[in-house]
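Letter by letter, the chains look like this.
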Amino acid sequence: MGGAGITEEMIRRRSEHNECVLYTLEELVLQEEGIERIDTLGVLCPHLRILYMPNNLIACLENMNRLKELQYLNLAMNNIVKVEGLEHCEALEKLDLTLNFVDLQQLPSVTTLKANLHLRELFLTGNPCSDWGGYRKFVITELPHLKRLDAWEIKPTERIEAFQVCQVPTKYQYCNNACLKSSHILVTSTQMCKNDKGEAIREYSPATRVAEHKELLKLREDDNKTTSIRKEEKVSKRRNGFDPLPIEGRIYQKNEGGWEFKLHDDISENALVLDVVVGRYLDTSLIDVDVQPYLVRILVKGKLLQLHLPSEVKTDASIAQRSTTNGHLVVTMPLVSTVMQAYAPTRLAQRVLQDRTIHEPLTGKMDIGQKTSKSSIYECRQDVVDVRNIVPNTISSPMVESEQQKLIKPEPQVLNTLTATGDDDLDVPPLE
């Protein structure tokens, strides 16, 4: 932006609807391009029918003589001070000069539009000349082929009244005299002043519009710089790789990406398992894993997940895999040594142990069919040694002995009442 003229690159950028072909282009929009003069249009785009160039800095209508097929020309919010250079636009039907700087001194320049016999609509709203009370009647008189002026239809009665008022030999002199008495004189300075409320304002002039345009460009450049700095900061926050581990000092746990994870121990494999919830459709090339003896680091799209491990693991035997169902990242880290852990079996495991103690001695190993569910944290391990019957229980208590005596029943005995001679013993009472 900010170029003084119209360039070929600018036109091609705005002609994508015509496959960037300029010679057959019929409609062109060059809005807010900072254009200061019109050139190359008649050579590059001779078949233009609609030309839309509002909010630029065009001060003069020039180089328009080759646009023979032009029907609609929009030059609103520019710096035009005089209507000229459109005599050869034979097909012109609509001209929009809203919010320009055509004052009363240059109002008679609208008579040049008499050559445009097909002109039906003219817009001069917002120009200094439109504040004059006789402006509308003057334009209607000078351009009798107009149908609309400032979006208002020209009625026959209004046209007749305008001809009656302005049909005098001194009509141009009248317009010039009114121009001298008017306070709407074109200002060329950009001096700041204050209104009744104390607010700083500028005079309405082409120079002011140019100054405001330059200020706007500067603000946009500053915004672009700020935006680029912010983008660089955002990009710099993403890590390109793992940072070297410090020799001394504490290493903190980090979860820069806010990933959901679960760290648990797999007793059957004698390993620590880290399950990280990453995107299911995330490319695996964006994931990097680093396993240290007491630390695991995962880099996902430049975001670091760093966790301390409760036990030392084998770095060379660790495996990182992606789940085929949900895309989770699963890192399996075998432990360096087998750790004896407390064994607290569940009810299901207790039943299995009871059945095994009844039918076979406990050897610390289980068949595959007798294993409990893997989801249980108290799953039986094959390398667990039974230590319950190593030392026999030799301590006895009176309560245990009494219970054992109750369980033992005495055998019935036959009393022999005969003596060695076969006679009855008199001391023994007879049987009844």
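As named in an unreviewed UniProt entry, the protein chain is Dynein axonemal assembly factor 11-like CS domain-containing protein, taken from Sphagnum jensenii. In its Sequence similarities (unreviewed entry) section, the UniProt entry covering the protein chain states "Belongs to the tilB family."

Another aspect to go through is the confidence of the model for the protein chain. Averaged over every residue, the pLDDT of the protein chain is 78; residues scoring 70 or more account for 69%. The model gives residues 356–383 a pLDDT under 50, and that stretch makes 43 contacts with residues more than four places away or in other chains.

With that settled, consider the environment of M10. As for its position among the elements, M10 is in helix α1 (residues 8–13). Its relative accessible area of 7% is what places M10 among the buried residues. For M10, the residues in contact, after removing those within four places along its chain, are G5, L30, E33 and I35.

Enumeration according to the criterion identifies 0 aromatic pairs in this entry. Between K94 and the ring centre of Y72, over which it is positioned, the NZ or CZ distance is 4.8 Å.

A complete count under the given rule lists 12 salt bridges for this structure. The salt bridge partner of K114 is E142, with a shortest N-O separation of 3.3 Å. Pair noted here: K114 is in the loop between β4 (94–96) and β5 (121–123) and E142 is in helix α3 (residues 135–142), with a separation of 28 residues, a long-range link. Its relative accessible area of 39% is what places K114 among the partly exposed residues. The class of E142 is buried, set by a relative accessible area of 1%. Among the salt bridges present, the one from R297 reaches D290, with a minimum N-O distance of 2.7 Å.

Each value, and the rule that gives it
- Residues numbered from 1 in each chain as written.
- Predicted model: local features only at pLDDT ≥ 70, side-chain atom pairs only at ≥ 80, totals over all residues.
- Heavy atoms only, no water.
- UniProt positions renumbered as here; feature names shortened; annotations may be inferred.
- pLDDT = per-residue confidence, 0-100.
- Contact = heavy atoms within 4.5 Å.
- Helix = DSSP H or I, 4+ residues; strand = E, 2+ residues; numbered from the N terminus.
- Buried < 20%, exposed > 50% of the residue type's maximum accessible area, 1.4 Å probe, protein only.
- Phe/Tyr/Trp six-rings, centres within 6.5 Å; stacked < 30°, edge-to-face > 60°.
- Lys NZ or Arg CZ within 6 Å of the ring centre and 35° of its normal.
- Salt bridge = Lys/Arg side-chain N within 4 Å of Asp/Glu carboxyl O.

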